[in-house]
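Breakdown of the fold
Residues per chain are reported as follows:
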Amino acid sequence: MRVFSWFLIRLIYEYLYRYPTASNINLFWNFGVLSGFCLVIQIVTGLFMSMYYTATTVDAMSSIEHMMRDINYGWLVRYAHANGASAFFIAVYIHMFRSFYYGTYSRPNEYVWYVGAIIYFCLMGTAFLGYVLPWGQMSYWGATVITNLVTVIPVIGKDTLLAIWGGNTLCNSTLQRFYSFHFALPFIILGLAMLHIYLLHKAGSRHPIGYDNRLANKIAFFPYFVAKDSMVIILFFMGYIYLVLLNPDMLGDSVNYVDANPCVTPSHIVPEWYFLPMYAILRCVPSKVGGAIAMFVFICLMFVIPFSSKHAVANYKFNANRPIYWFGVTQVLCLTYLGAQLPIDPFDWLSKLCLALSILILINWDMVIIKFISILLSFTNYYPRQSGAYNRSK
């Protein structure tokens, strides 16, 4: 017990009290802490909900209704969990876009970015699994659409789908599998978040100016940045409380309050708002295989972004790609809007246009192949030595 207490005190002292932090970081650096705060809310509320939820196709919806109507403050826990997912994604997206804008994904923080990308994948998987658990109309048909994407995998696609379903269609086995993974993934995300923080502290947190972190003017994390983080958490929590108490269904879909019916397809299947850009890409490609590949590539681009850094100084003032950055953000927002619309013209061809523009952004911004070849050539000493005149001048 003494060893554990000593370790905990040492950890708090090194990472929360004495940790040197650049004095010029702005409010956008607070959304990493805010994401961790949202993760804790989701784990706590999810544990309480798991006490009353029944993972069967017959009782899933009725167990949620029982918790909201008959359990003291059950409605509060359920709405806090449902809107906490949206709050979590808002904090994570702002945290990611800050990294895009200031170029903090580049060396020496590329491993921090890779772990963060894995966290984002796990977060999307957790959110999708949780969306299926109420077993409403939108849950059932959303699960049908997404799980059928694995059939594009050659040879093993259909067998993989049957293994996910646990039968020839969505059934009790499917719901129980989804519930088990939905319960386990947040703890995996928690472990990855700890690794994310460790790598960040090992490499050093970047700052807006972008020069070597070792040359930055630093101050202690406590009390300055603790107070700054607390202010952002309080302001963000006020908006979160508004959603939970006054408008809990603003970001949801009322169709999902209807029990799942495999015989009746909704007129318009729409996922949660944080999946809309990927859904718009999936839907705008006529081919099922092409749409699945386009969506997968769009998501996996995060792993090649560190190769796109072309500047020794990762600073938004010196970065020539700022117009392309804002153009890319505009494309993501447009795809979010288009993903919620009916798959008819003009929304369909506008989605295709946004997808084509996103590909152009990839070609002009990332240039991964050129960067990768230059790295290989630098390791093989391909570049010729400097001229003798230059050496004589030294």
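See the structure shown above.
Structure report, in brief. All residue numbers refer to position in the chain's written sequence, counted from 1. Thresholds applied to this predicted model are a pLDDT of at least 70 for local features of residues and 80 or more for the giving and counting of side-chain atom pairs; totals over whole chains, interfaces and linings are not thresholded and use all residues. By convention in this description, side-chain values take in all heavy atoms of the structure and omit both hydrogens and water.

1. Things to note about the packing of helix 4 (residues 74-102) against helix 9 (residues 224-245)
Under this scheme, a helix contributes an axis fitted over its contacting stretch, all axes are lines through C-alpha atoms, and angles between N-to-C directions fall in the 0 to 180 degree range. Secondary structure counts use DSSP, requiring at least four H or I residues in a row for a helix and at least two E residues in a row for a strand, with both numbered from the N terminus. Running from amino to carboxyl end, helix 4 crosses helix 9 at an angle of 135°, the nearest separation of the two axes being 9 Å. What the angle tells us is that helix 4 and helix 9 run oblique. The crossing of helix 4 and helix 9 is right-handed. Contacts between helix 4 and helix 9 pair Trp75, Leu76, Tyr79, Ala80, His81, Asn83, Gly84, Ala87, Ile90 and Ala91 from the former with Phe236, Tyr240, Leu243, Val244 and Leu245 from the latter. Side-chain classes are defined by residue name, with Ala, Val, Leu, Ile, Met, Phe, Trp, Tyr, Cys and Pro counting as nonpolar, Asp, Glu, Lys and Arg as charged, and the others, Gly among them, as polar. Looking at side-chain class alone, the contact of helix 4 with helix 9 contains 12 nonpolar, three polar and no charged residues. By the definition adopted for this analysis, an angle is roughly parallel if under 35 degrees, roughly antiparallel if over 145, roughly perpendicular if from 65 to 115, and oblique otherwise. In this scheme the crossing of two helices becomes right-handed for a clockwise turn of the near helix relative to the far one and left-handed for an anticlockwise turn of less than a right angle. Residue contacts are defined here by distance: any two heavy atoms, one from each residue, within 4.5 Å place the two residues in contact.

2. Here we look at helix 2 (residues 31-50)
Here, expected helix span is obtained from the residue count minus one, scaled by 1.5 Å. Between its terminal C-alpha atoms helix 2 stretches 28 Å, which fits the 28 Å expected from 20 residues at 1.5 Å a residue. Three labels apply to residues, based on accessible area from a 1.4 Å probe with only protein chains included: buried if under 20% of the type maximum, exposed if over 50%, partly exposed otherwise in between. Burial in helix 2 covers these residues: Phe31, Leu34, Ser35, Cys38, Leu39, Ile41, Gln42, Ile43, Thr45, Gly46 and Met49. Residues of helix 2 that are buried sit in contact with helix 3 (60-70), helix 4, helix 8 (172-203) and helix 9.

3. Re the pattern of salt bridges
Salt bridge, as used here, is a side-chain nitrogen of Lys or Arg placed within 4 Å of a carboxyl oxygen of Asp or Glu. With the rule as written, the count across this model stands at one salt bridge. The salt bridge partner of Lys352 is Asp348, with a shortest N-O separation of 2.8 Å. Pair noted here: Lys352 and Asp348 are both in helix 13 (residues 347-366), with a separation of four residues, about one helical turn. Given the relative accessible area of 34%, Lys352 is considered partly exposed. Since its relative accessible area comes to 23%, Asp348 is described here as partly exposed.

4. Describing the environment of Tyr325
Of note, Tyr325 is situated in helix 12 (residues 322-339). Spatially, the C-alpha atoms of Tyr325 and Phe97 are 9.3 Å apart, while their sequence positions differ by 228 residues. Ignoring sequence-local partners within four residues, the contact set of Tyr325 consists of Phe97, Phe100 and Tyr101.

5. Examining unusual backbone geometry
For residues besides glycine, phi is generally negative; the peptide bonds are generally trans as well. Cis geometry is adopted by the peptide bond preceding Pro346, which originates at Asp345 and carries an omega value of 5°. In this structure, Pro346 sits in the loop between helix 12 and helix 13. In this structure, Tyr73 is a non-glycine residue whose phi angle is positive, near 60°. For Tyr73, a relative accessible area of 58% gives the class exposed. Of note in the backbone geometry, Trp135 takes a positive phi value of approximately 60° without being a glycine. Tracing the chain through its elements places Trp135 in the loop between helix 5 (110-132) and helix 6 (137-147).

6. Describing helix 4
Between its terminal C-alpha atoms helix 4 stretches 42 Å, which fits the 42 Å expected from 29 residues at 1.5 Å a residue. The sharpest bend along helix 4 reaches about 30° and sits at Gly84. The buried fraction of helix 4 amounts to 22 of the 29 residues, a majority that puts the element mostly inside the structure. At the exit of helix 4 stands Gly103, carrying a positive phi of roughly 65°. In this scheme, the bend at a residue equals the angle between the axes fitted to the seven residues that finish there and the seven that begin there.

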